[in-house]
Amino acid sequence: MNIPDKDSLWSTGRTPLPGLVGSRVLVLSFLLYLFTLAPTVIWGDSASFAVQAVSMEFGVGAESHSLYILLGRLFSYLPFEVAYSMNLLSAVTASLALLMVYLIILEMTGSLASSIIGAASLCVSHAFWLHAVIPEVYDLNALFVTGIFLVLLKWHKSPKDPSLLYGAAFLFGLGLTNHLILGLTVFGFLFFVVLSDPKILLRFRVLCFTLFSFIIGSSFLIFLVLQRFVKGRTVVAMADAATGGIYKKSMFVISAKIIRDLFMYLAYLSYQFPIAGFVLGAIGIFAIYKENRKPALCLFSLIGVNMAFFLTFGPGVMRTTKYTFYIADYSIFSILIGYGFFAFGRFWQSRGYTLKSVSAGTLCLVILLPLFLYTVTPYASRKLSIDILHARTLPYRDNEEFFLFPGKRGYTGAEKYAEEVLKTATIDAVIIADWTPYTVLRYYQVVKGIRKDILLFFPANNMHKDTLKKISDNYWKRDIYLAGIEKGYYPMNKLSKEYDIVPEGLLYKLVKKRISANTIIYRD
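Residues numbered from 1 in each chain as written. Predicted model: local features only at pLDDT ≥ 70, side-chain atom pairs only at ≥ 80, totals over all residues. Heavy atoms only, no water.

### Considerations on the overall build of the chain
As a reminder, the rule being used: A run of DSSP states H or I qualifies as a helix once it reaches four residues; a run of E qualifies as a strand once it reaches two. Both are numbered from the N-terminal end. Only the C-alpha atoms count toward the radius of gyration. The rule for a globule is 2.2 Å times the residue count to the power 0.38. Note on exposure labels: buried denotes an accessible area under 20% of the residue type's maximum, exposed denotes more than 50%, and partly exposed covers the range between, all computed with a 1.4 Å probe on protein chains only. Throughout, a residue-residue contact means that at least one pair of heavy atoms, one from each residue, lies within 4.5 Å. In this tally, Lys and Arg are treated as positive and Asp and Glu as negative; His is ignored, and so are the chain termini. Think of each charge as sitting on NZ of Lys, CZ of Arg, CG of Asp or CD of Glu.
Regarding its fold elements, the chain presents 22 helices and five strands. Taken over the C-alpha trace, the chain has a radius of gyration of 26 Å; the compact-globule value for 524 residues is 24 Å, and the two agree within 12%. A principal-axis box enclosing the C-alpha atoms of the chain has dimensions of 95 × 55 × 50 Å. Counting all 524 residues of the chain, 51% fall into the buried class. Considering only intrachain contacts with a sequence separation of at least 6, the fraction spanning at least 24 residues in the chain is 75%. For the chain, the centre of its 50 positive side-chain charges and the centre of its 33 negative side-chain charges are spaced 5 Å apart.

### Focus on the layout of surface pockets
Let me state the cut-off plainly: Computed over the protein atoms alone on a 1 Å grid, cavities are sets of points where a 1.4 Å probe fits but cannot get out and pockets are open sets with protein on both sides within 12 Å along at least five of seven lines; a residue lines them when it has an atom within 4 Å of a point. Grid points are joined across faces, edges and corners, and a volume is the space filled by probe spheres set on the points. Ten residue types, Ala, Val, Leu, Ile, Met, Phe, Trp, Tyr, Cys and Pro, are classed as nonpolar, four, Asp, Glu, Lys and Arg, as charged, and the remainder, Gly among them, as polar.
Volume-wise, the second largest pocket comes out at about 340 Å³. Ala169, Phe172, Val186, Leu190 and Thr210 are the residues nearest the centre of the second largest pocket, which is lined by 15 residues in total. Where the lining of the second largest pocket is concerned, the elements lending two or more residues are helix H7 (138–157), helix H8 (163–178), helix H9 (186–196) and helix H10 (204–217). Counted by class, the lining of the second largest pocket contains 14 nonpolar, one polar and no charged residues.

### Here we look at the side chain of threonine 40
Looking at the secondary structure, you find threonine 40 in the loop between helix H1 (18–35) and helix H2 (45–55). The class of threonine 40 is buried, set by a relative accessible area of 3%.

### Some thoughts on the nonpolar core
Which entries qualify depends on this criterion: We call a set of buried Ala, Val, Leu, Ile, Met, Phe, Trp, Tyr and Cys residues a nonpolar core when their side-chain atoms join them within 4.5 Å.
Core analysis: the largest hydrophobic core is formed by 155 residues, its most contacted members being Tyr33, Phe128, Phe149, Leu152, Tyr330, Ile431 and Tyr443. Not counting the four nearest positions on each side in its chain, phenylalanine 149 is found in contact with Ile104, Met108, Phe189, Phe192, Pro295, Cys298 and Leu299.

### A closer look at the environment of lysine 487
In this fold, lysine 487 is placed in the loop between strand S3 (480–482) and helix H22 (492–498). Spatially, the C-alpha atom of lysine 487 lies 9.8 Å from that of histidine 464, the residues being 23 residues apart in sequence. Residues contacting lysine 487, with those up to four places away along its chain left out, are His464, Met492 and Asn493.

### Structural notes on the pattern of salt bridges
Put simply, the test is: Salt bridge, as used here, is a side-chain nitrogen of Lys or Arg placed within 4 Å of a carboxyl oxygen of Asp or Glu.
Evaluation of the coordinates by the stated rule reveals 13 salt bridges. A salt bridge links glutamate 57 to arginine 442, with the shortest nitrogen-to-oxygen separation between them at 3.0 Å. Separated by 385 residues along the polypeptide, glutamate 57 in the loop between H2 and helix H3 (66–75) and arginine 442 in helix H20 (residues 435–446) bring together distant segments of the chain. The partly exposed category is assigned to glutamate 57, whose relative accessible area is 29%. Here lysine 154 makes a salt bridge to glutamate 107, at a shortest N to O gap of 3.0 Å.

### Some thoughts on the packing of aromatic side chains
Keep this limit in mind: Pairing of aromatic rings covers Phe, Tyr and Trp, the last through its six-membered ring, and needs centres within 6.5 Å; plane angles under 30 degrees mean stacked, over 60 mean edge-to-face, and all others mean tilted. Note on criteria: charge over ring means Lys NZ or Arg CZ within 6 Å of the ring centre, with the direction from the centre no more than 35 degrees off the ring normal.
Per the stated rule, a full pass over the model turns up 32 aromatic pairs. Ring geometry for tyrosine 443 and tyrosine 444: centres 6.1 Å apart, planes at 70°, overall edge-to-face. Owing to a relative accessible area of 1%, tyrosine 444 belongs among the buried residues under this scheme. Through successive ring pairs, a cluster of aromatic residues spans Tyr138, Tyr265, Tyr268, Phe309, Phe310, Phe313, Tyr323, Phe325 and Tyr326. Residue placement shows arginine 293 over the ring face of tyrosine 289; its charged tip is 4.1 Å from the ring centre. Positioned above the aromatic ring of tyrosine 489 is the side chain of arginine 392, whose terminal nitrogen or guanidinium carbon lies 4.1 Å from the ring centre.

### Side note on the sheet that holds S3
Put simply, the rule reads: Two strands pair if DSSP finds at least two bridges between them. Helix axes use the C-alpha atoms of the stretch in contact, all axes being lines fitted to C-alpha atoms, and the angles between their N-to-C directions lie in the range 0 to 180 degrees.
The five strands are arranged S2-S1-S3-S5-S4 in an open sheet whose pairing can be described as mixed. Each of the sheet's edge strands pairs with one partner strand only, and the pair in question is strand S2 (455–457) and strand S4 (499–504). The mean angle between the axes of side-by-side strands here comes to 30°, regardless of whether they run parallel or antiparallel. As paired elements, strand S1 (residues 430–432) and S2 share three bridges and run parallel to each other. What sits directly across from isoleucine 432, in S2, is phenylalanine 457. Contacts from H20 reach S1 and S2, with the element oriented near 150° to S2.

### A short note on the environment of phenylalanine 223
Structurally, phenylalanine 223 is set in helix H11 (residues 219–230). Each C-alpha atom, one on phenylalanine 223 and one on phenylalanine 313, is 30 Å from the other, the two residues being 90 residues apart in sequence.

### Quick look at the confidence of the model for the chain
Quick reminder of the rule: The pLDDT score gives, residue by residue, the confidence of the prediction method on a 0 to 100 scale.
Looking at the chain as a whole, the pLDDT averages 90, with 94% of positions reaching at least 70. Here residues 1–9 is a poorly scored stretch, pLDDT under 50, and it has 32 contacts once near neighbours within four places are set aside; other chains count. Taken as a whole, residues 519–524 scores under 50 in pLDDT and shows one contact with residues more than four places along the chain or in a different chain.

### Some remarks on the packing of H2 against H20
Heads up, the condition is: Note: crossing handedness is left-handed where the near helix turns anticlockwise from the far helix by less than a right angle, and right-handed where it turns clockwise.
Taken N-terminus to C-terminus, the directions of H2 and H20 make an angle of 30°; their axes are 8 Å apart at the nearest point. Handedness of the crossing formed by H2 with H20: left-handed. Counted together, Asp45, Ala47, Ser48, Ala50, Val51 and Ser55 of H2 and Trp435, Thr439, Val440, Arg442, Tyr443 and Val446 of H20 form the full contact between these two elements. Residue composition of the contact of H2 with H20, grouped by class: seven nonpolar, three polar and two charged.

This is the structure in structure tokens:
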């Protein structure tokens, strides 16, 4: 690998041991996430993951994250509330991903300053930080992406020794058990392998051991597939679920809306790394391509494939939530930021500036600019009445603060909601809820064992039709409540014709409308 002269860019030979600095990166990032960790259950998928961890609910589809659930089960034995333990799991995986970024930049540049700046930029980036303090799978996916790249980077130095190649294959298989989205990285990683040694995978022994390592890594996923096959689920059905299921119709859609989504992609990127980080990343793109072309092409491929897939995944759909799928891209961009500083530092050093002052100033900008932006943006959005998010309103959730500022220290909105709702509902009632409130209420039933008499219903398939049927089947047996009255989530037009919607606390009770004495009823 052609590494530029490291001279005095805080090179590994002139400062404390890189391992000691790396351990500080790990510990300090974990302390930040611990300080800003959500104290209890969080809405939506986060609550669902906690339930799945307790219930040991594993799957094989695109929406299944069996490795994360298994790790969550292990963390659930900690002496904390399950939801908090799951939050801790995310903090640990995020901190480990940051360590990978630090080690990658160090491997490529030998510069501790560049490595610290790259890792710090990712540490305080919005999406990565947000998913480090709640139960989510995307920072763990970033850990696998960066971990595999680090192993391949080390193998790249000595491609004749295939042992590290086997390790990368093992990690790839294991990572698929967390999220099948990792499969998109196969193009970039194989491209890097072929660029490094075009004939390595033509060696029969190497190919066999590589495939064997992959199988060992994905053995838990393979076990789950075989388990479902034995229970009667067809291979076709499992393949359909693994490749997207109902979401396949949204894949590879080409439309003019892609332009808007591309603009949103760049907007997300600039929100993660405002000004200083964005500029350093741009510098890093050109510098790394010039000086370390093969690793550069791998990184560009990883970003390009992931970006292209999700830009064409239902263009215009979920435009304000797609950033979750781009977290792996942000982890790669932070590597480019570190490399960008490596080039930036050498430039200023050649003009007589001391590197320590340049490094300290850049580190402050990389950390403080995002913190300032995340603090100001929610306030500005409310003050100017600009709906940036287009997110639905939920009780005890300030959308601007919840989504635009990544920290969740002290946030108990979902907990307050569940406790109030479960106190309001009558004995043996039915609560019909869409996904976001449903998961929190189910957490209270399954994990905390509270109000198991209530029948919770989430219409997963035909939302409006299933809701109307559930009401019809249970109205004369139980009290029926809706968790919300938004038309997109509940068939309000039809319900309002037959029922009075009576607010009770945070719920809405359905009461049959009375037929007036003057109403003429026609019978056949």
